Amino acid sequence: MILPAMEQQIKIHIQDKEKNEKDIYAEQGNLLFDVLIQNGISFKGNCGKKRACKACMVYFEEEQEWKKSCSYVLQEDISITISGLLEEENMVLLADSQKSVKTSTRKIDSISTKKSGHLSIKKSEPISTKSNLIQEQKNVASEDKIGAARDVSYGMAIDLGTTTIAFLLFDLESKEIVDQFGIMNPQRIHGADVASRITYGSEVSKVKELKLLFEDALNKACVHFKQYFDQERTEDERKLRRIGISGNTVMMHILQEIPLTSLGSFPFTTGNVEEVSTVGREFFLNEELKKQFWETEILLSPCSSAYIGGDVLVGAVSEDFDLSDEISLFLDLGTNGEMLLGKKGRFYSASTAAGPAFEGSFRTQHVHGTRLIDFLVQARKQKWLDEYGNICDRFFEKGIPFGAGTYLTQDVIRSIQLAKSAIYAGIMLLCKSYGITPSEISKVYIAGGFGFYLNVSSAIFIKMFPPELDKKIKVVGNSSLTGMKQYMTGEFQERMKKFRGEITNIELANMEEFQECYIQYLNL
């Protein structure tokens, strides 16, 4: 009897710049990118193995050169250095513009992130994310409070973003927030932006893969929240009563298992964009989640178009944007730039393709896009950059030193120029379509994680926003999360129906002036 040959095991020795080390093993013939992902090492801002970016570059010690892990097939033992990875780490949840809450630290039994995001192999080390804007979260409920709240029925609001997923647990009766949790969207292994997800999710089987990745994230949130569920109560009492999810139109299609192809090409037709109300046994693919939430109500927020999703709608309504008697602008700045303009009874909407330029900027060095924008302003003032975004001769070859061994390179500058120009052009053309100038806008709401940290004066300096909007801006944080909480408790479902009927969607790409306007605002 001839036994089948076993696949040869390849040893991959990994280290970071701080010389932390780890060995992992994989079968010969596998793609290095896939093996790293399977072992908890991922790359923020990657293009989904389309070989169109450099986010997944790793350094091969023996050959002393950088290579794309998405192009490297394992044939023999290798030793690599990885600096551009991103492990699941605590996410800052922006419940509202007045206060922010940082999720409690947790332990990871593999590779974790510390010290400027570099690879750390130390096992089960708690992670914490630091920011001068963030206060350490104290436990929302002490042991006594948890015990006293045993009769509470819970709801969970979820903001399913392209880059991050935020979870909010609250008391359905009192509507008080109990706890929050955040995580990177695991779907990012198939690309950092919406376009990559659309390309990957062209078939039902692929869409289900993406949905299962979301369900993996939900599982982790449930583990985080488990302290609030008394195991001595009956199984029915322990279940969440309601789960509400908001997200962009692509994310909502994924949750409904609708192929994404039509969202990626003109005329950008959608599947179902209405509210979805179902129960866990009908919704989940994961058998454990299906059993756990068998009778739990699942509510998906409605969308407006292929560009304007439920996250923008619930966020806008939560700020009473739909009731304003004055012309206002609502901007959701993240992986995409969604816009709503108008006043009560008449609204226009549009979307610009920012890609991961803001949330994923400087992705291999773990620098947030808002810091980069502030640095661009200083670089212009120091004449390290000219108005066209060109780096001066002094720093041309390597880039402008940013600190901690990172450099601002020409390709990063260009990505920011393209994204900010698209937003500026979008605002100008949305105003023109509505029949106003930017000076006639009374109030501007900026939502999304990127907007929360944005220095408005810096954004205006690099021509991301028209100068007429200065002093009119209100930062509202994660309005999608708080808006979904309100929506699933029935606070404004009827208003949402009316609001959706008052929105006219503008196709910026079909406007003759768009390209000219877009080019006009590329300069810094």
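Position numbers for residues count from 1 along each chain, tracking the sequence in the order it is written. With the structure being a predicted model, the display of local features is reserved for residues of pLDDT at least 70 and the display and counting of side-chain atom pairs for 80 or more, all residues being used for whole-chain, interface and lining totals. Excluding hydrogens and water, the side-chain figures rest on all heavy atoms present in the structure.

Draft legend 1. Layout of the side chain of aspartate 159. A run of DSSP states H or I qualifies as a helix once it reaches four residues; a run of E qualifies as a strand once it reaches two. Both are numbered from the N-terminal end. Position of aspartate 159 relative to the elements: it lies in strand E10 (residues 154-160). The cut-offs for exposure are 20% and 50% of the maximum accessible area for each residue type, with area from a 1.4 Å probe on protein chains only; residues under the lower value are buried, those over the upper are exposed, and the others partly exposed. Charge counting treats Lys and Arg as positive and Asp and Glu as negative, with His and both chain ends excluded. Salt bridge criterion: a side-chain nitrogen from Lys or Arg within 4 Å of a carboxyl oxygen from Asp or Glu. Despite being buried, aspartate 159 has no salt bridge partner; arginine 197 is the closest side chain of opposite charge, sitting 12 Å away. Throughout this description, a polar contact denotes any pair of N or O atoms lying within 3.5 Å of each other; where both atoms belong to protein, one of them has to be capable of donating a hydrogen while the other can accept it, and for residues adjacent in sequence the pair is counted only when both atoms sit in side chains. Looking at aspartate 159, its side chain comes within polar contact range of the side chain of serine 480, at 3.0 Å. Contacts are assigned to residue pairs that have any heavy atoms within 4.5 Å of one another. Those residues in contact with aspartate 159 that sit more than four places away from it in its chain are Thr164, Ile165, Ala166, Ser246, Asp311, Asn478, Ser480 and Leu481.

Draft legend 2. Quick look at the nonpolar core. Here, nonpolar core means buried Ala, Val, Leu, Ile, Met, Phe, Trp, Tyr and Cys residues that are tied together by side-chain atoms lying within 4.5 Å of each other. Judged by nonpolar contacts, the single largest core of 53 residues is most densely connected at Leu341, Ile427, Ile441, Leu454, Met464 and Phe465. Considering each element in turn, this core owes the most residues, 12 residues, to helix H11 (residues 410-434). Apart from residues lying up to four places away in sequence, leucine 454 is in contact with Leu333, Thr370, Ile373, Ile446, Ala459, Met464 and Phe465.

Draft legend 3. Broad picture of unusual backbone geometry. One non-glycine residue, lysine 463, lies in the positive phi region at around 65°. With respect to the element layout, lysine 463 can be found in the loop between helix H13 (456-461) and strand E22 (473-477). Judged by relative accessible area, which is 32%, lysine 463 ranks as partly exposed.

Draft legend 4. Representation of the sheet that holds strand E21 (residues 443-447). Strand pairing is assigned whenever DSSP identifies at least 2 bridges connecting the two strands. In space, the 6 strands of this open sheet follow the order E22-E21-E16-E17-E18-E23, with mixed pairing throughout. Because the sheet does not close on itself, it has two edges, and the strands there are E22 and strand E23 (503-505). Pairwise comparison of adjacent strand axes, ignoring direction, gives a mean angle of 20° for this sheet. Pairing between strand E17 (residues 337-343) and strand E18 (residues 346-352): 7 bridges, direction antiparallel. What sits directly across from methionine 339, in E18, is alanine 350. Structural elements are reduced to axes, namely lines fitted to C-alpha atoms, with helices fitted over the stretch in contact, and the angle between N-to-C directions of any two is expressed from 0 to 180 degrees. Where helix H9 (residues 310-318) meets the sheet, it contacts strand E16 (328-333), E17 and E23, and its direction lies at approximately 135° from that of E16.

Draft legend 5. Layout of H11. Over its 25 residues, H11 extends 36 Å from the first C-alpha to the last, a length consistent with the 36 Å expected when each residue adds 1.5 Å. Just downstream of H11, glycine 435 is the residue with a positive phi angle, here 90°. Take the residue count of a helix, subtract one, and multiply by 1.5 Å to get its expected span.

Draft legend 6. A look at the pairing of strand E4 (residues 65-68). Where strand E3 (residues 57-60) lies against E4, 4 bridges are found, and the strand directions are antiparallel. Paired with tyrosine 59 across the strands is tryptophan 66, a residue of E4. Counting the residues that bridge the hairpin from E3 to E4 gives 4 residues, and of these glutamine 64 lies at a positive phi of roughly 55°.

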